[in-house]
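So the chains spell out like this:
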Amino acid sequence: MTYLLEASQLSAGYGRATILDGIALALPTGAITALLGRNGAGKSTLIKTLIGLLPPRAGTIRFAGHEIASLPPWRIARLGIGYVPEERRIFTDLTVAENLMVGARARDDGRPGWTTAQIFALFPNLAERAHASARQISGGEQQMLAIARTLMGNPRLLLLDEPSEGLAPVIVDEMIAMLRRLRDGGITMLVAEQNLAFAGRLADHAIIIETGQVTWTGTMAALQSAPEIAALRLGV
Amino acid sequence: MSFFLTQTLTGLASASSLFLVAAGLTVIFGVTRVVNFAHGSLCMLGAFIGWSILTRLPRDPAWFALGVLGTAAATALIGAALEIGLLRRIYRAPELFQLLATFGVVLVLADATLWLWGPNDLPLPRPPWLRQFVMIAGSRFPLFDLVLIAIGPLVLAGLLLVFHRTRWGVLVRAATQDRDMVAALGVDQRLLFTSVFALGAGLAGLGGVLALPAGSANLQIDLAVITEAFVIVVVGGLGSIGGAYLAAVLIGVLQAFGVVVLPGATLVLVFVVMAVVLVVRPYGLLGRDRGESRTDAEAVTLQRPAGLWQITAAGIGLALFLAAPLLFGPFAMAIATEMLVAMLFAASLHVMMGPGGMPSFGHAAWFGIGAYGAALLAQNLATPMPLALAGAPILAGLAAFAVGAFIVRLSGVYLAMLTLAFAQIVWAVAVQFVGLTGGDNGVLGVWPADPRGFYYVALGLCVGGVLILRRVLFSPFGFALRAGRDAPARAAASGIDMTAHRLAAFTLSGATAGLAGAIFTYSKGSAFPTYISVSHSVDALIMVLLGGIGSLAGPIIGAIAYTGLFDLLLATDFWRARLGAIIIALVLFFPAGLAGWAERRR
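It should be emphasised that the depicted structure is a prediction, and the values quoted were computed from it without experimental measurement.

S.K.: How should the overall build of chain A be read in this particular structure?
M.R.: Assigned secondary structure in chain A consists of 10 helices and 10 strands. In terms of principal-axis extent, the alpha carbons of chain A reach across some 45 × 35 × 35 Å. Classification of the 236 residues of chain A by burial places 53% in the buried group. Summed over its atoms, the accessible surface of chain A is roughly 9800 Å², and 51% of this surface lies on carbon and sulfur atoms. If the 22 positive side-chain charges of chain A are averaged to one point and the 21 negative ones to another, these points end up 5 Å apart.

Here it is in structure tokens:
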């Protein structure tokens, strides 16, 4: 198995608080990995550290042959990592189409990347609301927009922070189908989740973190066939 | 009818140049979140550079237009250099430190301009086409004013086009809302910020050079313009270009009519309008509450009672102050009094800004009310000194209570701007109500009977005042205040009436500053409008931030260090530039202040 991203001895935190304490993880290329853990285990912090919004205090992160641990977020994004934040953080002062424009960036290798037309084909709801203010679209549409906006930058790795949060079950089904299609198109993903059922339907691999350390890694199938692991480590 | 029309047109003409400067300021603030005090200086540079260019060019309209554009380009480059050289390094610093750094730039640029162009006002020789009039409704109206009236909406339309029809503009708007997210999407913020700053600086320069035909290039532009631009930006809504134009028209037209109808009160009028707008619409005409800006908040330092070494240092300091008149003579006594007054003044600002969490750009208002209160009580009512010293803080406290009742529910930059507005009103009253205050000549001849005795009175009042403030900050009231600053929702849910607490802190702070002002008046024998000027408010800010906002020791150390530094520098050439450079260096190298730095080194 090849790994698109490998981190080791990764530590990070805010002020005097240490949130990540020597994390080691590897994301298999072309697969969806679920990042599981209780509230406060450090899932969001880990994702923010990987995209560079929170500079790590120690450790290394290798992505596709580059050491990215000390790079600013925009450089990391340009190397091919896309970030879909918790709470979506779409630009509500902009229209849907303008949101996509902010994310748009040509591929470094000169090959054709995502076009707005392709994005709208993947997200037909967004096509209808292209010129609406992003403030006025529904929560589900906002989540789709957050993903679409990131896709416009042609990432090889997508970091999704709690994408199912607050969405209706029917929208969640749509999203799972869409994310699996993206994976089949060659995009690697790390999905932070609290919802084990959602992660089980989506992911190929799983990583469990507890109090800032990785305590279990394996395939999603292995995790599902051993419910005592989830009971012990996630309290579900 | 004709009067109404011409005054409106005059107002619209001045609105255009006000708008250019304010638009630059609002765009820069929107994206970088830096309140750029140096924006007025960029406008002033525009006027001087424009003068140098235009006086060398042929005097016809085409060359004039070219010279104006060249000036805007030059100031844009200066702005870009400023962003790359200084501001880029302090985007993560606390808001007030950024403000302080840009004030350092104001001082440096003021002396640089003085050095390059000399102290004289430089009017632009006006060729015939600039002196032409047109007849409107039976009265003569300057042709150039009509040009100005057109330029404002044209620039507004151009900016709106750029911000809505270009990718760069869309990126700028996105970064205004959430700059970290924009970075996470792969946008190089440095380029974006530098270009935004260059655009804003270019607009400031444009405003400066376009105001040249009606006035002159002079060294007063920087602070005059920055105050007006702040007012317009805040009235229009921070970050809103359309709002800035609306506000510029409102203020411009108001001033044009005010000059005729209420000639003595134009300054007051402008700030009253600002205060009314902000009380009714706290985020300005077209502004919105943007909430906390999306960056990780820095850890708040815990405020602890003084330890042994601090008490020892304070004891030694007190002993020096007690012995000063005996050991070093009258000159040292004067400097020591200045230091004591500065200490009380800074400590009072600390109460508001530190534990109270209410930044103030206009703390000199309360100082000034105290100073003038004592002076006028002594002069007009022949009040004896002890009563005047007691009356001044009561007056300042009452004023602070009345103003605070309207504004303490605001926070951050908006609150700071309202305090600035109020300080400007007080200042305008001191300058324009000559009958009562003596105008620029001030109130003179308020001396204590016994200078040495007065020194000990001042010492007792200042040290006592600081100790009372300290006692209050470590009382349950002080704890509640800090709780409300750090977690407003939780404090309110715990049953703390935050508005009442903030108002009490605001009043206490104002009253203490008023006492400092009264002592200052007696030590100088006079009260002047300069006591209430913007730069005096900034002095207080510098003292608090220099010492460090995390503890009461901070402003005390800051006040003594700053007063000493100031007196040393005042004796040198280009002292403003030196002071500015020192402020910039302090912000870059001691972002936690001197006391904070010492705290961390231990």
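S.K.: Would you take a moment to explain the overall build of chain B for this structure?
M.R.: If you tally the helices and strands in chain B, you get 24 helices and 6 strands. Its C-alpha atoms put chain B at 70 × 60 × 45 Å along the principal axes. Counting all 602 residues of chain B, 56% fall into the buried class. Of the roughly 24200 Å² of accessible surface on chain B, 70% is carried by carbon and sulfur atoms. The centroid of the 33 positive side-chain charges in chain B is displaced by 5 Å from the centroid of its 24 negative side-chain charges.

S.K.: Just checking my understanding: could you explain the pairing of strand β3 (residues 139–142) of chain B for this structure?
M.R.: Moving residue by residue along a regular strand, the side chains alternate between the two faces of the sheet. The alternating pattern of β3(B) places B:Ser139 and B:Phe141 on a buried face, while none of B:Arg140 and B:Pro142, on the opposite face, is buried. Connecting strand β2 (residues 133–136) of chain B to the next strand, β3(B), in antiparallel fashion are 2 residues, including B:Ala137 with a positive phi near 50°.

S.K.: Is there a simple way to think about the interface of chain A and chain B in this case?
M.R.: Much of the literature gives interface size as the accessible area that the parts lose upon coming together. The partner chain B presents 23 residues to the 26 residues of chain A that form the contact. For the pair chain A and chain B, the two sides together bury roughly 2200 Å², of which 54% comes from carbon and sulfur. Taken together, the connections running from chain A to chain B amount to 2 salt bridges. Across the pair A:Glu98 and B:Arg173 runs a salt bridge whose closest N-O atoms are separated by 2.9 Å. Put simply, chain A and chain B have 10 residue pairs in polar contact (both at pLDDT 80 or more) between them. Elements that contribute at least two residues to the side of chain A that touches chain B include exactly α2 (73–79), α3 (96–103) and α6 (139–151) of chain A. In terms of residues, the side of chain A that touches chain B owes the most to one element, α2(A), which gives 5 residues. Partitioned by chemical class, the residues of the side of chain A that touches chain B number 14 nonpolar, 3 polar and 9 charged.

S.K.: Which parts of the structure should I look at to understand the sheet that holds strand β10 (residues 213–219) of chain A?
M.R.: Note on sheets: strands pair through backbone hydrogen bonds, and any given pair is parallel or antiparallel. All names here are of chain A. Read from one edge of the open sheet, 6 strands run β6-β7-β8-β3-β9-β10, paired in mixed fashion. Of all strands in the sheet, those bounded by a partner on one side alone are β6 (81–84) and β10. Strand-to-strand twist in this sheet, taken as the mean axis angle between neighbours without regard to direction, amounts to 15°. Relative to the sheet, helix α10 (residues 227–234) contacts β3 (32–36), β9 (205–210) and β10, its axis offset from that of β9 by approximately 30°.

S.K.: Would you take a moment to explain the pattern of salt bridges for this structure?
M.R.: One side chain can pair with another of opposite charge once the charged atoms of both are near each other. For the structure on display, the rule yields 13 salt bridges over all chains. The closest approach of N and O atoms between B:Arg190 and B:Asp188, which form a salt bridge, is 3.4 Å. Judged by its relative accessible area of 10%, B:Asp188 is buried. Sharing partners across several salt bridges, the network here consists of A:Arg183, A:Asp184 and A:Asp204.

S.K.: I'm lost on the domain arrangement of chain A in this one. Help?
M.R.: Residue and element names in this part refer to chain A. For chain A, the assigned domains are domain 1 (1–80 + 158–236) and domain 2 (90–154). Each of domain 1 and domain 2 has a C-alpha centre, and the two are 23 Å apart. For the pair domain 1 and domain 2, the summed buried area comes to about 1100 Å², and 75% of that belongs to carbon and sulfur atoms. Across the contact surface, domain 1 and domain 2 share 0 salt bridges. Inspection of the region where domain 1 meets domain 2 yields 0 residue pairs in polar contact (both at pLDDT 80 or more). For the side of domain 1 that touches domain 2, the elements supplying multiple residues, two or more each, are α2, β7 (157–161) and α7 (169–184). Counting residues per element, the side of domain 1 that touches domain 2 draws most heavily on α7, which supplies 7 residues.

S.K.: Sorry, what's going on with the domain arrangement of chain B here?
M.R.: Residues and elements named next belong to chain B. When the domains of chain B are assigned, the result is domain 1 (16–220) and domain 2 (324–533). Taken over C-alpha atoms, the centre of domain 1 sits 36 Å from the centre of domain 2. At the interface, 5 residues of domain 1 touch 5 residues of domain 2. For the pair domain 1 and domain 2, the two sides together bury roughly 400 Å², of which 92% comes from carbon and sulfur. For the domain 1 face of the interface with domain 2, the top three residues by lost area are Val35, Glu95 and Leu96, together amounting to 73%. Linking domain 1 with domain 2 are 0 salt bridges, by the criterion used here. On inspection of domain 1 and its partner domain 2, the count reaches 0 residue pairs in polar contact (both at pLDDT 80 or more).

S.K.: I keep staring at α3(A) and nothing clicks. Help me out?
M.R.: Note: α-helices contain 3.6 residues per turn, so residues at a spacing of three or four share the same orientation. Of all the 8 residues making up α3(A), 6 are buried; the element is thus mostly covered by neighbouring parts of the structure. Looking only at α3(A), the buried set comprises A:Val96, A:Glu98, A:Asn99, A:Leu100, A:Val102 and A:Gly103. Buried residues in α3(A) make contact with α4 (116–122), α5 (124–128) and α6 of chain A together with α5 (143–165), α6 (167–177) and α7 (179–184) of chain B.

S.K.: Sorry, what's going on with the side chain of B:Gln98 here?
M.R.: Residue and element names in this part refer to chain B. Among the structural elements, Gln98 can be located in helix α4 (residues 95–117). Here the side chain of Gln98 touches Ile90 through a polar contact of 3.0 Å, landing on its backbone oxygen. Once residues lying within four places of it in the same chain are set aside, the contact partners of Gln98 are Arg33, Val34, Ile90, Tyr91, Arg92 and Ala93.

S.K.: Sorry, what's going on with a nonpolar patch on the surface here?
M.R.: Residues and elements named next belong to chain B. Together, Phe3, Phe4, Val259, Val260, Val261 and Leu262 make up a nonpolar patch on the protein surface, roughly 570 Å² of accessible area in all. For the nonpolar patch, the secondary-structure elements that each account for two or more residues are α1 (2–32) and α10 (241–261). Of all the elements, α10 adds the most residues to the nonpolar patch, at 3 residues.

S.K.: Help me out: how do you make sense of the packing of aromatic side chains in this one?
M.R.: The description of an aromatic ring pair rests on the distance of the ring centres and on the angle between the ring planes. Residue and element names in this part refer to chain B. Across all of its chains, the model carries 20 aromatic pairs over all chains by this definition. Ring geometry for Phe37 and Phe103: centres 5.3 Å apart, planes at 80°, overall edge-to-face. Remark: Phe103 occurs in helix α4 and Phe37 occurs in the loop between α1 and α2 (39–54); sequence separation between them is 66 residues. Of the two residues, Phe37 and Phe103, neither departs from the other in class, the shared state being buried. Ring geometry for Phe345 versus Phe367: centroids 4.7 Å apart, planes at 50°, classification tilted. On the criterion of sequence distance, the pair formed by Phe345 in helix α12 (residues 308–353) and Phe367 in helix α13 (residues 364–380) is long-range, its members being 22 residues apart. There is no split in this pair, since Phe345 and Phe367 are both buried. An aromatic cluster is defined as three or more aromatic residues linked by ring pairs; in this entry it consists of Phe345, Phe367, Phe520, Phe528 and Tyr531.

Cut-off values and rules
The residue numbers shown here count from 1 along each chain, following its written sequence. By the order in which they are written, chains take letters starting at A while ligands take numbers starting at 1. Per-residue local features are limited, in this predicted model, to residues with pLDDT of at least 70; the limit for side-chain atom pairs, both in listing and counting, is 80 or more; totals at the level of whole chains, interfaces and linings are taken over all residues. With hydrogens and water stripped out, all remaining heavy atoms of the structure feed into the side-chain values. By the criteria applied, helices consist of DSSP H or I runs no shorter than four residues and strands consist of E runs no shorter than two, each listed in order from the N terminus. Only protein chains enter the accessibility calculation, which uses a 1.4 Å probe; a residue whose area is less than 20% of its type maximum is buried, one above 50% is exposed, and one in between is partly exposed. Computed by Shrake-Rupley with a 1.4 Å probe, the accessible areas treat only the displayed protein chains as cover when residues are assessed. For the purpose of counting charges, residues Lys and Arg are taken to be positive, whereas Asp and Glu are taken to be negative. His and the chain ends are not included. To locate a charge, take atom NZ for lysine, CZ for arginine, CG for aspartate or CD for glutamate. Here, a strand pair is defined by DSSP locating no fewer than two bridges between the strands. By the convention used here, residues are in contact when the closest approach between their heavy atoms is within 4.5 Å. Note: buried area is the sum, over both parts, of the accessible area (probe 1.4 Å) each one loses when the two are combined. The working definition used for a salt bridge is a side-chain nitrogen of Lys or Arg within 4 Å of a carboxyl oxygen of Asp or Glu. For this analysis, a polar contact is any N or O atom pair within 3.5 Å, provided that within protein one partner can donate a hydrogen and the other can accept it, and provided that sequence-adjacent residues contribute only side-chain to side-chain pairs. Residue classes follow a fixed rule: Ala, Val, Leu, Ile, Met, Phe, Trp, Tyr, Cys and Pro count as nonpolar, while Asp, Glu, Lys and Arg count as charged, and any other residue, Gly among them, counts as polar. Interaxial angle, 0 to 180 degrees, is taken between N-to-C directions of lines fitted to C-alpha atoms, where a helix line uses only the stretch in contact. Domain delimitation in this document rests on an assignment produced automatically or drawn from a domain database. A residue counts toward a patch only above 30% relative accessible area and without a salt bridge, and it is joined to like-charged neighbours within 9 Å or, for Val, Leu, Ile, Met, Phe, Trp and Tyr, to nonpolar neighbours within 5 Å. Note on aromatic contacts: the rings of Phe and Tyr and the six-membered ring of Trp form a pair at centre separations within 6.5 Å, being stacked when their planes are under 30 degrees apart, edge-to-face when over 60 apart, and tilted otherwise.

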